[in-house]
Amino acid sequence: GIDVGMARYVRNAGGLLLFGPVTDYGRDSYDSSYTHPKVKGGSEMYTTNGYGNSHYFAAGIIARQMNTNALGVPDGMYYEGSFRAGRVHTNFASDNFLVHNNPTHADYSASTPCFAGHVRVGWAGNIGGTSKLDAYAMYSRNRVNGFTTRLSTGEEYKFSAVNSGRIRIGARLSRDYNIHTFYSGLAYIQEFSGATHGEYMGRPTGRSSLRGTSGMLELGWRVKQSATSDTMFDVYANGWVGHQKGVTFTAKFRRDF
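My aim in this report is to walk through the structure given alongside it, one point at a time. (Residues numbered from 1 in each chain as written. Predicted model: local features only at pLDDT ≥ 70, side-chain atom pairs only at ≥ 80, totals over all residues. Heavy atoms only, no water.)

Details of the pattern of salt bridges
With the rule as written, the count across this model stands at eight salt bridges. Across the salt bridge formed by Arg84 and Asp24, the nearest N and O atoms sit 2.0 Å from each other. Placement of Arg84 in strand S5 (residues 74-99) and of Asp24 in strand S3 (residues 15-37) is noted, with a sequence separation of 60 residues between them. We classify Arg84 as partly exposed; its relative accessible area is 24%. The salt bridge involving Arg166 is made with Glu191; its shortest N-O contact spans 3.3 Å. Of this pair, Arg166 sits in strand S10 (residues 162-177) while Glu191 sits in strand S11 (residues 180-191); the two residues are 25 residues apart in sequence, bridging distant segments of the chain. Residue classification places Arg166 among the partly exposed positions, given a relative accessible area of 24%. (Salt bridge = Lys/Arg side-chain N within 4 Å of Asp/Glu carboxyl O. Helix = DSSP H or I, 4+ residues; strand = E, 2+ residues; numbered from the N terminus. Buried < 20%, exposed > 50% of the residue type's maximum accessible area, 1.4 Å probe, protein only.)

What to know about the packing of aromatic side chains
Enumeration over the complete set of coordinates arrives at six aromatic pairs. Members of the aromatic cluster, joined through ring pairs, are Phe92, Tyr108, Phe147, Tyr157 and Phe159. Just above the ring of Tyr78 sits the side chain of Arg64; from NZ or CZ to the centre is 4.2 Å. (Phe/Tyr/Trp six-rings, centres within 6.5 Å; stacked < 30°, edge-to-face > 60°. Lys NZ or Arg CZ within 6 Å of the ring centre and 35° of its normal.)

Right, dumping it as structure tokens:
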């Protein structure tokens, strides 16, 4: 995925306000398999294999209000929120889809609106020397609208909307070494929903859900061209355990004007 944004700092009575537009683009691919009775009501089972990809584009706004210390540097409580809207495009194909009990190639392509937003409350500040702590709690909400599509073989499928709501509670500890900053963090994530299902000729398919608890470990490195540089490069990795498993790698480039 790619995130691109611009932000402006404005000093106000509460400290420092950061706000600006953001855009997101993401793409993924998948393989799937679904085992079901070969004939309705029969005992012989059959596995339909499929593959496809999806991509989305969204745009919105993000804002953060931060308390500052006597020097005007962000320090203490902060409050953050965002909202984005866009569209998801997805396609699917199967080379052994059963039509009149015969394996046949079938595919579809569809698109639907998507929405996302979050609120976050935290405390960020210096805890001694060049060490900083950021402790936070965040709630995020995402929705992908349902849609109806028709396979190339003529069958109509209906897919439900996907609503995801999750809480994330965590902390990040960082330490500066001249132009380098190293940081690590831990977080607890609870997904409350994320259920989805489909319908074919009035018959529902199996339900799947993102609901569950996960833990995250974060390790990262940030570097500037110089101690006073407005340009920085950031790279980090997140490891997941629990309901969500795996490792993600992210790289960011930032320039202040």
